[in-house]
Amino acid sequence: MKNRTSLFCFLTLILCLGATAMSHGAVVVSISPSPVVSPAVGSTLKVNIHISGASGVAGYECSVEFDTSALRYVSAANATYLPAGAFAPDPRVSGNRVTLIAAAGSAATKSSGTLATVRFRVAAVKASELRLQDVVLSNVAWRNLARSTVNGQVVKSIGAADVNQDGQVDDSDLELVSQSLGSRSPANPRVDVNGDGQVDVSDLALVSRNLSEGAPDNGGGDGDTGGQEEVVTDGDAGGQEEVVADRDTGGKEEVVDEIPKPEGMVRIPAGQFQMGGNDGDAQNDERPVHTVHINAFFMDEHEVTNAEYKAFLLENPSWQKKQIDQRFHNGEYLKHWSDDNNYPSGKADHPVTYVSWYAAMAYAEWAGKRLPTEAEWEYAARGGLEGQKYPSGNTLSTGEANYNRHVGDTTPVGQYAANGYGLYDMAGNVWEWCLDAYDAGFYAASRNSRNPISGARTLRWILDNFTNVQTNSSRVLRGGSWYNSAQFLRVANRNGNPPTNTPAFNGFRCARGVTP
């Protein structure tokens, strides 16, 4: 990482995790282990959330509060208690709290297990306490089995038909269900009123039958928003804050924090664009051209450099040239580096190459980022231009990008002019790994979609399981390289390689979500 003055020092950090637990009758939800010894700033701290004494649990919602001066949230993963895929959308992170939501198709038969694993990056050497907050356990219909705050106080169950949890069943509940009709994985699981795994007219009927009545006491999940449905107005807020419209309060607005713009990254505004190509060079896998909606996100200004990658290797020996697992490369990993992990002289600011998709994913995780999806990459590469072939317009010259072997090697990042979003080298220099699996027919299935991703149900699944991705599952590459002709540098051009490939032409840059 940049400006890391303690890069070669190993410090001992004892994080005294208050082993908080919440009891729902005989059910106990707790955090462990405690204490944890961490080797240094920048290392990863793994925390498990356990459940014991349970019966019939098929879903949960809980929050973990952490000290933001000591820890940075990295990721969360479903564990062993509920089946794979139980996590709803990505965990919500706001201020010093990360909120996890999971729902399974059937109730767990085990009385105990691990609900989730949460990872934090150590930001400072200091004592820090983690606290478990607002645990709600639910059955297969998302009706409450139990609920507690950190002090163990049991609160009244809320009715399932009262979707927005405002104490009555009315038109606002109907509206929330209507907006998710046809969804099998809604952002708000409460809209699946009958808990059958999809949002359809039967859910509307259940709400309709209870209109104008107080909420029944037969249960229903409640989140940390007090039961109010939040709708993100995902515009360009300059990387500082974002307005959230609260439909249950008559459209009143509330300002919530966003992740501050990280150093060296550019904020890409939310929007929609026409993805794909129809020009004379377009290939079949670029068709059909289709509308895609993208949430705001951050993207690295430039490709990850040799110097930046070396910082990662020094803190992660298992990814060094002589120690990397053979599963994660094809034998030419960092081919041009020395065995003692030094990059070629004079190339500190050149993009790192000879890196596999697995290695790029590992770097991104270490940096608290991720690889961009293919849709995010193309949207960002266009720089706000519509219907153009290249980031700079419909033509391309050797004064605008490094391509077609006119230099014969990589060039320092940022040497050519940035595109409309302030991103450098979105055409040429090196191919850039993306998060997705390469699927030549994916565009036919992702028309008019929001944040599409190929190869997994959710982005979070790939982040949590990237080392288990099969070596024959090709991953997307975008942008062309110093070696390729102009047709490969078009913003719509698609390419795919096995995740083990490590040629002289492949590098990457990272992305990160805007809304916590």
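Here the structure is shown first, and the text comes after it.
Now for a quick tour of the structure. Predicted model only: the values in this text are computed from it and were never measured.

Describing the pattern of salt bridges
Argument step 1. Enumeration over the complete set of coordinates arrives at 17 salt bridges.
Argument step 2. Between aspartate 279 and arginine 490 there is a salt bridge whose closest N-O contact spans 3.2 Å. Of this pair, aspartate 279 sits in the loop between β17 (271-275) and β18 (290-294) while arginine 490 is found in the loop between β22 (475-478) and β23 (495-497), placing the two residues 211 residues apart along the sequence.
Argument step 3. The class for aspartate 279 is partly exposed, based on a relative accessible area of 22%.
Argument step 4. For arginine 490, a relative accessible area of 1% translates into the label buried.
Argument step 5. Taking the shortest distance from any N to any O, the salt bridge between arginine 509 and glutamate 432 comes out at 2.8 Å. Placement of the pair is arginine 509 in the loop between β24 (506-507) and β25 (511-513) and glutamate 432 in strand β20 (residues 431-437), with a sequence separation of 77 residues. No difference in accessibility class separates arginine 509 from glutamate 432, as the two residues are buried.
Argument step 6. Bridged by salt links that share partners, the residues Glu374, Glu378, Arg382, Arg478 and Arg494 form one connected network.

Concerning helix α4 (residues 357-366)
Argument step 1. Buried residues dominate α4, accounting for nine of its ten residues.
Argument step 2. Among all positions of α4, only Trp357, Tyr358, Ala359, Ala360, Met361, Ala362, Tyr363, Ala364 and Trp366 are buried.
Argument step 3. Count one or two residues on from α4 and you reach glycine 368, which has phi positive near 75 degrees.

Concerning unusual backbone geometry
Argument step 1. Between arginine 287 and the following residue, proline 288, the backbone shows a cis peptide bond with an omega angle of 0 degrees.
Argument step 2. With respect to the secondary-structure elements, proline 288 resides in the loop between β17 and β18.
Argument step 3. One non-glycine residue, tyrosine 354, adopts positive backbone phi at about 55 degrees.
Argument step 4. Relative to the elements of secondary structure, tyrosine 354 occurs in the loop between α3 (306-315) and α4.
Argument step 5. Looking at tyrosine 354, the relative accessible area reads 15%, which means it is buried.

Things to note about the sheet that holds β24
Argument step 1. Pairing within the open sheet is mixed, and its four strands lie in the order β23-β22-β20-β24. Single-partner strands in this sheet number two, and they are β23 and β24.
Argument step 2. Bridging between β20 and β22 involves three bridges; their strand directions are antiparallel. Bridge assignment links alanine 437 to a residue of β22, and that residue is arginine 475.
Argument step 3. Relative to β20, α4 is tilted by about 85 degrees, and along the sheet it contacts β20 and β22.

Calculation criteria
- Residues numbered from 1 in each chain as written.
- Predicted model: local features only at pLDDT ≥ 70, side-chain atom pairs only at ≥ 80, totals over all residues.
- Heavy atoms only, no water.
- Salt bridge = Lys/Arg side-chain N within 4 Å of Asp/Glu carboxyl O.
- Helix = DSSP H or I, 4+ residues; strand = E, 2+ residues; numbered from the N terminus.
- Buried < 20%, exposed > 50% of the residue type's maximum accessible area, 1.4 Å probe, protein only.
- Pairing = 2+ DSSP bridges.
- Contact = heavy atoms within 4.5 Å.
- Axes fitted to C-alpha atoms, helices over the stretch in contact; angles between N-to-C directions.

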